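Now for the letters of each chain:
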Protein chains: 2
Amino acid sequence: MGLNLAIAGVTGAVGQEFLRLIEQRNFKFDSLKMLASSRSAGKKIDFLGKQYTVEELTKDSFKGVDIALFSAGGGRSKEFAQAVVDSGAVMIDNSSAFRMDKDVPLVVPEVNPEAIKQHKGIIANPNCSTIIAVVPVFPLHKAKTLKRMVVSTYQAASGAGVSAMMELENQSRDVLAGKEVKPQVFPYQIAFNLFCHNSPLKENGYNEEEMKMLHETHKIFSCESIGITCTCVRVPVMRAHSESINLEFEQSITPDEVREILKDAPGVTLLDDFSNNRFPMPIDADGKDDVYVGHIRQDESIPDNKGINIWICGDQIRKGAALNALQIAETMIKNQ
Amino acid sequence: MGLNLAIAGVTGAVGQEFLRLIEQRNFKFDSLKMLASSRSAGKKIDFLGKQYTVEELTKDSFKGVDIALFSAGGGRSKEFAQAVVDSGAVMIDNSSAFRMDKDVPLVVPEVNPEAIKQHKGIIANPNCSTIIAVVPVFPLHKAKTLKRMVVSTYQAASGAGVSAMMELENQSRDVLAGKEVKPQVFPYQIAFNLFCHNSPLKENGYNEEEMKMLHETHKIFSCESIGITCTCVRVPVMRAHSESINLEFEQSITPDEVREILKDAPGVTLLDDFSNNRFPMPIDADGKDDVYVGHIRQDESIPDNKGINIWICGDQIRKGAALNALQIAETMIKNQ
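The model shown is predicted, which means the values in this text are computed figures rather than measured ones. (Residues numbered from 1 in each chain as written. Chains lettered and ligands numbered in written order. Predicted model: local features only at pLDDT ≥ 70, side-chain atom pairs only at ≥ 80, totals over all residues. Heavy atoms only, no water.)

1. Regarding the confidence of the model for chain A
- Mean pLDDT over chain A: 97, with 100% of residues reaching 70 or higher.
- Interface confidence for the predicted complex, expressed as ipTM, amounts to 0.96; the pTM equals 0.97. (pLDDT = per-residue confidence, 0-100.)

Shown next as structure tokens:
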């Protein structure tokens, strides 16, 4: 049986990563529609020995499509969701549009693949910093019951798209040349600087990125009782996010137990070399599938060995977006 | 009465900042000895309309000296401490050599100026990331009794000296030019990358920088019961450290109370503009005296309003090193 695939937002950073991953993972399809805004329509893309023409994303784009991978912004996801569902396709949506909708499963295949079955035409891909955190934290939660999590992120420019990555590059050149910096994509200088995440602030003072970590983790873990607090920060790094994660469990857990649990955990690579002070770095995770985990330590400020600090890096475009969405598609196909 | 001053390590990043601060703060002295290793001896430095010749740091350097500001590395501090004390001078030491020595006060003038009086010839300047954290945290501790603190740092290259700042600059040029990166000062690529702090690892898995935050804060606050856990990270930023600090207090405290306490706190500038998503950035703190504090939020994962998140930036060379040491000297002189 053949699969008819569509990619909405194919010319973006995540869209382009979809193509690389489809090739690398030998993801089988019968037909592929490359969709984007009218601005990119008509563009030619060579892929797997064939030339594709980018078509304009319209409500008629999904006739005969089985799976539509969406990474075209929340506005477009909302605009076209009904058309996708009405055409009988399943939308796997990378935006935040439907993540907290109770009828939409929010899925990280290493954590809650069973949620996929409950979809009503839309499956949501979580936010990048959430995905990267939950891949290593979930197996620890399963083993020792997570009570509270304090996260500080070090987020790459790629989360704001190709233009943000270009801005980091060009602005760095300008700073090195002693030229004045004129932020255009980010609100503030990103070269040799960092700032609290530029997503809109909520009434409680947290930015949306910080609240996504809380609400999405609760939904993915099906557990609202876990205390989660988060500080999200943009750093001058190209495409891998890092996170400093402090964990408190209901049961005792040692760093050796953490390593034992994570060494076989799906989607995790342990990089925890204390003899060489060698722990995950963004350039390790760059272009890689796994979330890298290291610098695992007992948090001695929590009694009875119930506290752990971990340090993680994961590729924002790959596992933080395109790969996770494609894994959702793969899991769905396998379960059919 | 005249003050005879010596600066050991005058050619380094902190040594040079001492000179700028002495001028800016109109710090009065009668005589000034500029000391450095034999490598720099003989170098001429123009300062306040006079030409100084850098002298080699030897055990005879301190005759007639009243205060010796040391920033020449822990090894030299240890080597010359006895000679400084024997000569009757007071050593204000920027290295980690004597910080945890029970006979040596460890001082941040905004926090524990009274400790200065107990010196026996040596006063220690805390580690940069500790100083920057305690300036805003201490007034909150005084008001609401700190129970536990979870810190993640974003530390600038300057903490590793002038050569590290040069490496960040040159390596960034290389990356932008597509050239291979060859780390020399830092163990790993710093341009467009970040890594767990490069200080030696302790038996418990924490690096020295992380343990300094714990032990030094306990000593400065004269309170060993506060739980402190820390993850220290180097980021591609030039000279201001940032820190994401999660605080748990014994008593309830709201973000408004935090702002009320910090708005008049010595050494603190509030930059907490939620309407413009404008919080402290390294480039704000660069070259400034104060620690900038913002993005103040209630941590709702701690019951009864006892949790707070803050985000801070402070100049590593200035308040993190030279300024704090000079403020110790100023306080000492004022109290005489």
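2. A short note on the sheet that holds strand E1 (residues 4–8) of chain A
Residue and element names in this part refer to chain A.
- Read from one edge of the open sheet, six strands run E5-E2-E1-E6-E7-E8, paired in parallel fashion. Two strands in the sheet have a free side with no partner beyond their single neighbour: strand E5 (55–56) and strand E8 (122–124).
- Bridge count between E1 and strand E2 (residues 31–36): five bridges; the pairing is parallel. Looking at E2, one finds that Leu5 is bridged to Leu32. (Pairing = 2+ DSSP bridges. Helix = DSSP H or I, 4+ residues; strand = E, 2+ residues; numbered from the N terminus.)

3. Focus: the sheet that holds strand E6 (residues 67–70) of chain B
All names here are of chain B.
- Ordered by their spatial adjacency, six strands build an open sheet running E5-E2-E1-E6-E7-E8, and the pairing between neighbours is parallel. Unpaired on one side and paired on the other, strand E5 (55–56) and strand E8 (122–124) mark the two borders of the sheet.
- Strands in contact with helix H1 (residues 13–24) are strand E1 (4–8), strand E2 (31–36) and E6; relative to E1, the strand with the most contacts, it is inclined by about 150 degrees. (Contact = heavy atoms within 4.5 Å. Axes fitted to C-alpha atoms, helices over the stretch in contact; angles between N-to-C directions.)

4. Focus: the packing of helix H3 (residues 128–144) of chain A against helix H8 (residues 318–334) of chain A
Residue and element names in this part refer to chain A.
- Running from amino to carboxyl end, H3 crosses H8 at an angle of 85 degrees, the nearest separation of the two axes being 8 Å. By the angle between their axes, H3 is roughly perpendicular relative to H8. In contact with Cys128, Ile131, Ile132 and Val135 of H3, H8 contributes Lys319, Gly320, Ala321 and Asn324.
- Its residues placed into classes, the contact of H3 with H8 shows five nonpolar, two polar and one charged. (Parallel < 35°, antiparallel > 145°, perpendicular 65-115°, else oblique. Nonpolar A, V, L, I, M, F, W, Y, C, P; charged D, E, K, R; others polar.)

5. Details of the pairing of E2 of chain B
All names here are of chain B.
- Assessed by its sense of winding, the connection that carries the chain from E1 through H1 to E2 is right-handed.
- Here two bridges tie E2 to E5, and the two strands are oriented parallel to one another. In the sheet register, Leu35 faces E5, and the bridge partner there is Glu55. (Right-handed = clockwise from strand over helix to strand, strands pointing away.)

6. Remarks on the side chain of Ser152 of chain A
- Positionally, Ser152 of chain A belongs in strand E9 (residues 146–154).
- Side chain to side chain, Ser152 of chain A and Ser244 of chain B meet in a polar contact 2.7 Å long.
- For Ser152 of chain A, the residues in contact, after removing those within four places along its chain, are Thr231, Ser242, Glu243 and Ser244 of chain A together with Ser152, Tyr154 and Ser244 of chain B. (Polar contact = N/O pair within 3.5 Å; in protein donor to acceptor, adjacent residues only side chain to side chain.)

7. With respect to empty space enclosed by the protein
- Within this structure, the stated rule accounts for two cavities of 30 Å³ or more.
- What the largest cavity holds in volume is close to 50 Å³.
- Partitioned by chemical class, the residues of the lining of the largest cavity number eight nonpolar, two polar and no charged.
- When its volume is computed, the second largest cavity comes out at roughly 30 Å³.
- Contributing to the lining of the second largest cavity are Ser244, Ile245, Asn246 and Asn309 of chain A together with Val150, Val151, Ser152, Thr229, Cys230 and Thr231 of chain B.
- Those elements that provide at least two residues to the lining of the second largest cavity are strand E13 (240–249) of chain A together with strand E9 (146–154) and strand E11 (227–231) of chain B.
- Class assignment of the residues belonging to the lining of the second largest cavity gives a composition of four nonpolar, six polar and no charged. (1 Å grid on protein atoms, 1.4 Å probe; cavity = no way out; pocket = protein on both sides within 12 Å on 5 of 7 lines; lining within 4 Å. Points joined across faces, edges and corners; volume = space filled by probe spheres on them.)

8. Things to note about the interface of chain B and chain A
- At the junction of the two partners, chain B supplies 56 residues and chain A supplies 56 residues.
- Between chain B and chain A, a total of about 4,700 Å² is buried, with carbon and sulfur atoms accounting for 59% of that surface.
- Among the residues chain B hides against chain A, the three largest losses belong to Leu176, Phe192 and Leu194 of chain B. Together they make up 13% of the total.
- Remark: the boundary between chain B and chain A carries 40 residue pairs in polar contact (both at pLDDT 80 or more).
- Every element with two or more residues in the side of chain B that touches chain A is listed here: E9, helix H4 (162–176), strand E10 (195–196), E11, strand E13 (240–249), helix H7 (282–285), strand E15 (291–298) and strand E16 (307–315) of chain B. (Buried area = accessible area lost by both parts, 1.4 Å probe.)

9. Looking at helix H6 (residues 255–263) of chain A
Residue and element names in this part refer to chain A.
- Of the residues making up H6, those classed as buried are Pro255, Val258 and Leu262. Each buried residue of H6 sits inside an arc of 55 degrees when the element is viewed along its axis, so together they form one side.
- The secondary structure elements touched by the buried residues of H6 are H3, strand E14 (268–270), strand E15 (291–298) and strand E16 (307–315). (Buried < 20%, exposed > 50% of the residue type's maximum accessible area, 1.4 Å probe, protein only. Arc of directions from axis to C-beta.)

10. Considerations on the pattern of salt bridges
- Across all of its chains, the model carries 46 salt bridges over all chains by this definition.
- Across the pair Lys144 of chain A and Glu257 of chain A runs a salt bridge, and its minimum N-O distance is 3.1 Å. A residue pair is termed long-range when its members are at least 10 positions apart, and Lys144 of chain A in helix H3 and Glu257 of chain A in helix H6 qualify at 113 residues.
- Assessed through its relative accessible area of 15%, Lys144 of chain A is described here as buried.
- Glu257 of chain A sits in the partly exposed class, given a relative accessible area of 29%.
- Residues Lys263 of chain B and Asp264 of chain B are paired through a salt bridge, measuring 3.2 Å at the closest nitrogen-oxygen approach.
- Judged by relative accessible area, which is 45%, Lys263 of chain B ranks as partly exposed. (Salt bridge = Lys/Arg side-chain N within 4 Å of Asp/Glu carboxyl O.)

11. Regarding the nonpolar core
- Within the largest apolar cluster, 97 residues are counted, with the highest numbers of intra-cluster contacts made by Leu5, Leu32 and Met34 of chain A together with Leu5, Leu32 and Met34 of chain B.
- Discounting chain neighbours no more than four positions away, the residues touching Met34 of chain A are Ile7, Val10, Leu19, Ile45, Phe47, Tyr52, Thr53, Val54 and Glu55 of chain A. (Core = buried A, V, L, I, M, F, W, Y, C linked by side-chain atoms within 4.5 Å.)

12. Side note on the state of the cysteines
Residue and element names in this part refer to chain A.
- Under the counting rule described, the total for this entry stands at zero disulfides over all chains.
- No disulfide involves Cys128; its sulfur sits 8.7 Å from the nearest other cysteine sulfur, which is in Cys232.
- Cys128 sits in the buried class, given a relative accessible area of 8%. (Disulfide = S-S within 2.5 Å.)

13. Focus: the relation of the copies chain B and chain A
- Each copy of the sequence occupies a distinct position, and chain B is placed on chain A by a rotation of 180 degrees and an axial shift of 0.0 Å, giving an RMSD of 0.0 Å. Both copies are brought into coincidence by an operation consistent with a two-fold rotation axis. (Least-squares fit on C-alpha atoms with pLDDT ≥ 70 in both.)

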